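# Report on the structure
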Amino acid sequence: MSYSKIAVLGAGSWGTALGMVLCSKGHEVNLWMRNEEQYKDMIKTGKNNKYLPNVVLPSNLNLYIDLEKAVLDADAILISVSSQSVREILKNIKPYLKGNEVIINASKGLEKDTHLRISQVACDELPNNPFVVLSGPSHAEEVSKNIPTTVVVASKDKSTAEFVQDLFITPSFRVYTNPDVIGVELGGSLKNVIAFGAGIADGLGFGDNARAALITRGISEITRLGKAMGANISTFAGLSGIGDLIVTCTSMHSRNRRAGILIGEGKGLEETLKKIGMVVEGITTTKVAYELAQQYNIEMPITSEIYSILYSNNNAKDAVSNLMCRNRTHEIEEVVDSINADW
C-alpha cells in the first residue's frame, strides 16, 4: 500500500482515536490542537489525559499547535472539531492549501445559523477540494483500543471515497463507502437529537420499552426529513442511520445520552454542560432540526418535544405525555406515506 500525509485537526477523543487508526496504517499523521496546555501535557505524558486518559499515544503521532505546519503538504485533512467551528477552521487553513487535498469531515452536526450540512460549508469555503464525510456507530473510547468498529465514508466521487476507505481500513476498523453524502451527514447529525431524548427518558427512570420506542420512532422521523432533503432513504437503514442511532442511544460513552440523563433528572442546561465538559452536538442540532422540519413541513414529534424542553423550558414529563397522547395513527400507513413504500 502507499502511505499518505494526513493532518488531523482537533485533538478531542474522536480526532485522537482516528489519528491512532491512521498511525497504525503507517501514514504520517499530524494531530493539531489549539489548546497550548493540552499540547504541552500530551508532549510530556504521551497521553490525551483530558479526552482519552487510559490510552497511550503511538510514538509516530506528530503533535502540533501550529496550524500551518500541521497542514503543510498534507494529502488529506481530517476535520474533527465541533460542527459550529468547522467553517472557522476551513477559513484558517485555506491560505496553506494547494487545493487538491481531500477534506474528510468527522464532525456530526449542522451549522446553526445557515442550517447547512458540513459538506455545504466545505463547498462554500474550499470549493475545489474533494470532500468525504466519515460517520457510523463508533465511540472513540473503543476505537482507540482497537475494539472492532464499522463506519461508512460518503462522497459524490467514488474514487475519493475509496481513497479514504483505503486510508483507514484495518482488521479492527472496517470502512464501507456510500455515495449518499446527504443521508450520511443527516443520519450522523440527527441521531444526536434522538439520543438526547433517550437520555431524558433514562433520567426520568423509564426503561427498555421507552428507549426502543424512541429509537424506532426516531429513525422514522429522521428518514422523513432526510427524504425531503434529498437523501437516499436506504442510507438510514445502514451504519450512519440506525447503526449510529442504536449505539448513541444505548451507550454511556455518548455525551448526548449522558446530557439527556442529567436533564431528565432535573438538572439545568448550564449545570449539565459543565458536568459533561465537552460539546454536546445534539443541543444545537435539535434547534436546527426543529427549524428544518418547519421549513420542509415535516412532522418530527420527538424532535419537537426535545426542542420544547431545551428552548421553551417545558417539563420533561409533560413532553413524554405529549408524545404518548398524540392522535392515534397506523405505523405501516405512516411508513408508506413517508417513504413511498420503497424502503
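For clarity, every value in this text was computed on a predicted model and none was experimentally measured. Each chain carries its own residue numbering, running from 1 in the direction its sequence is written. Under the rules for a predicted model, residues below a pLDDT of 70 receive no local features and side-chain atom pairs below 80 are neither given nor counted, while totals for whole chains, interfaces and linings still include all residues. Side-chain numbers come from the whole structure's heavy atoms, not from hydrogens or water.

## Overview of the pattern of salt bridges
Cut-off, in case you're wondering: A side-chain nitrogen of Lys or Arg and a carboxyl oxygen of Asp or Glu constitute a salt bridge if their distance falls within 4 Å. Think of it this way: any DSSP run of H or I at least four residues long counts as a helix, any run of E at least two long counts as a strand, and we number them from the N terminus. For every residue, the accessible area (1.4 Å probe, protein chains only) is compared with the maximum for its type, and the residue is labelled buried under 20%, exposed over 50%, or partly exposed between those bounds.
Applying the stated criterion across every chain yields a total of 16 salt bridges. In this structure, the salt-bridge partner of Arg-87 is Glu-125, at a minimum N-O distance of 2.8 Å. One end of the pair, Arg-87, is in helix α4 (residues 86-93); the other, Glu-125, is in helix α5 (residues 118-125), with 38 residues separating them in the sequence. Judged by its relative accessible area of 17%, Arg-87 is buried. The partner of Arg-257 in a salt bridge is Asp-202, with the nearest N and O atoms 2.8 Å apart. Residue Arg-257 is located in helix α11 (residues 255-264), and its partner Asp-202 is located in helix α8 (residues 181-203); the two are separated by 55 residues in the primary sequence. For Arg-257, a relative accessible area of 9% corresponds to the buried category.

## Observations concerning the packing of α11 against helix α12 (residues 269-276)
Short version of the rule: Axis lines are fitted through C-alpha atoms, for helices just across the contact stretch, and the angle between N-to-C directions can take any value from 0 to 180 degrees. Here the word oblique covers every angle except those under 35 degrees (roughly parallel), over 145 (roughly antiparallel) and from 65 to 115 (roughly perpendicular). Two helices crossing with the near one rotated counterclockwise from the far one by less than a right angle form a left-handed crossing, whereas a clockwise rotation gives a right-handed crossing. Note on contacts: a residue pair qualifies if any of its non-hydrogen atoms lie within 4.5 Å across the two residues. Here the nonpolar group is Ala, Val, Leu, Ile, Met, Phe, Trp, Tyr, Cys and Pro; Asp, Glu, Lys and Arg are the charged ones; every other residue, Gly included, is treated as polar.
The geometry of α11 relative to α12 is characterised by a closest axis approach of 9 Å and an angle of 140 degrees between their N-to-C directions. In this view, α11 runs oblique relative to α12, as classed from their interaxial angle. Between α11 and α12 lies a crossing whose hand is right-handed. Taking contact as the criterion, the partners of Arg-255, Arg-258, Ala-259, Leu-262 and Ile-263 in α11 are, on α12, Leu-269, Thr-272, Lys-275 and Ile-276. Its residues assigned to classes, the contact of α11 with α12 shows five nonpolar, one polar and three charged.

## Details of the environment of Leu-262
Tracing the chain through its elements places Leu-262 in helix α11. Sequence separation between Leu-262 and Leu-31 is 231 residues; the distance between their C-alpha atoms is 32 Å. Those residues within four positions of Leu-262 in sequence are excluded, and the remaining contacts are Lys-267, Thr-272, Lys-275 and Ile-276.

## Some remarks on the environment of Val-175
Inspection of the secondary structure assignment puts Val-175 in strand β10 (residues 173-178). Every residue in contact with Val-175, bar those within four places of it in the chain, is listed here: Val-151, Val-153, Gln-165, Phe-168 and Ile-169.

## Things to note about the pairing of strand β9 (residues 149-154)
Regular strands show a simple pattern: their side chains alternate between the two faces of the sheet. The line we're drawing: Two strands qualify as a pair provided DSSP detects at least 2 bridges between them.
Most of β9 is tucked away: five of the six residues are buried. Sheet topology note: the strand β8 (residues 131-135)/β9 ladder contains three bridges and is antiparallel. Each residue of the ladder has a partner; that of Val-133, found in β9, is Ala-154. Pairing between β9 and β10: six bridges, direction parallel. Looking at β10, one finds that Ala-154 is bridged to Asn-178.

## Digging into helix α1 (residues 13-24)
Residues spaced three or four apart along an α-helix point in a common direction, a consequence of the helix completing one turn every 3.6 residues. Note the threshold: For a helix, the expected span equals 1.5 Å multiplied by the residue count minus one.
If you check α1, its first and last C-alpha atoms are 17 Å apart, about what twelve residues at 1.5 Å a residue would give, namely 16 Å. Counting buried positions along α1 yields eleven of twelve residues, so the element is predominantly enclosed. Listed as buried for α1 are Ser-13, Trp-14, Gly-15, Thr-16, Ala-17, Leu-18, Gly-19, Met-20, Val-21, Leu-22 and Cys-23. One or two positions beyond α1, positive phi appears at Gly-26, with a value near 90 degrees.

## Brief notes about the sheet that holds strand β5 (residues 61-64)
Here we have eight strands laid out as an open sheet, ordered β5-β2-β1-β6-β7-β8-β9-β10, and mixed in their pairing. Either end of the sheet is taken by a strand with one partner, and the two such strands are β5 and β10. The mean angle between the axes of side-by-side strands here comes to 25 degrees, regardless of whether they run parallel or antiparallel. Note: strand β6 (residues 76-79) against strand β7 (residues 102-105), four bridges, orientation parallel. Bridging across to β7, Ala-76 finds its partner in Val-102. Of the strands in this sheet, β1 (5-9), β6, β7, β8, β9 and β10 touch helix α7 (residues 158-168), which is tilted by about 175 degrees from β10.

## Describing the nonpolar core
Among soluble globular proteins, nonpolar side chains are generally buried collectively. The cut-off we apply is this: For this analysis, a nonpolar core means a set of buried residues of the types Ala, Val, Leu, Ile, Met, Phe, Trp, Tyr and Cys, connected via side-chain atoms within 4.5 Å.
Leu-186, Leu-190, Phe-196, Ile-200, Leu-225 and Cys-249 are the most contacted members of the largest nonpolar core, which totals 40 residues. Put simply, the parts of the chain that give this core at least two residues each are α8, α9 (208-228), α10 (239-250), α11, α13 (281-296), α14 (301-311) and α15 (316-324). When residues of this core are assigned to their parent elements, the largest contribution, ten residues, is made by α8. In this structure, Val-55, Leu-63, Ala-161 and Val-175 belong to the second largest nonpolar core, which totals 36 residues.

## Overview of the side chain of Ser-240
With respect to the element layout, Ser-240 can be found in helix α10. When its relative accessible area of 2% is taken as the criterion, Ser-240 is described as buried. In this structure Ser-240 touches Ser-135, Gly-136, Val-152, Gly-183, Val-184, Gly-187, Gly-188 and Thr-235, once residues within four positions along its chain are discounted.

## Comments concerning the packing of aromatic side chains
Threshold: By convention, a stacked pair of Phe, Tyr or Trp rings (six-membered ring in the case of Trp) has centres within 6.5 Å and planes under 30 degrees apart, an edge-to-face pair has planes over 60 apart, and any other such pair is tilted.
Counted under the stated rule, the structure contains three aromatic pairs. Summarising the aromatic geometry, the rings of Phe-168 and Phe-173 are spaced 6.1 Å apart at their centres and angled 45 degrees between planes, so their arrangement reads as tilted. Among the residues examined, Phe-168 registers a relative accessible area of 0% and is labelled buried. Given a relative accessible area of 1%, Phe-173 falls into the buried group.

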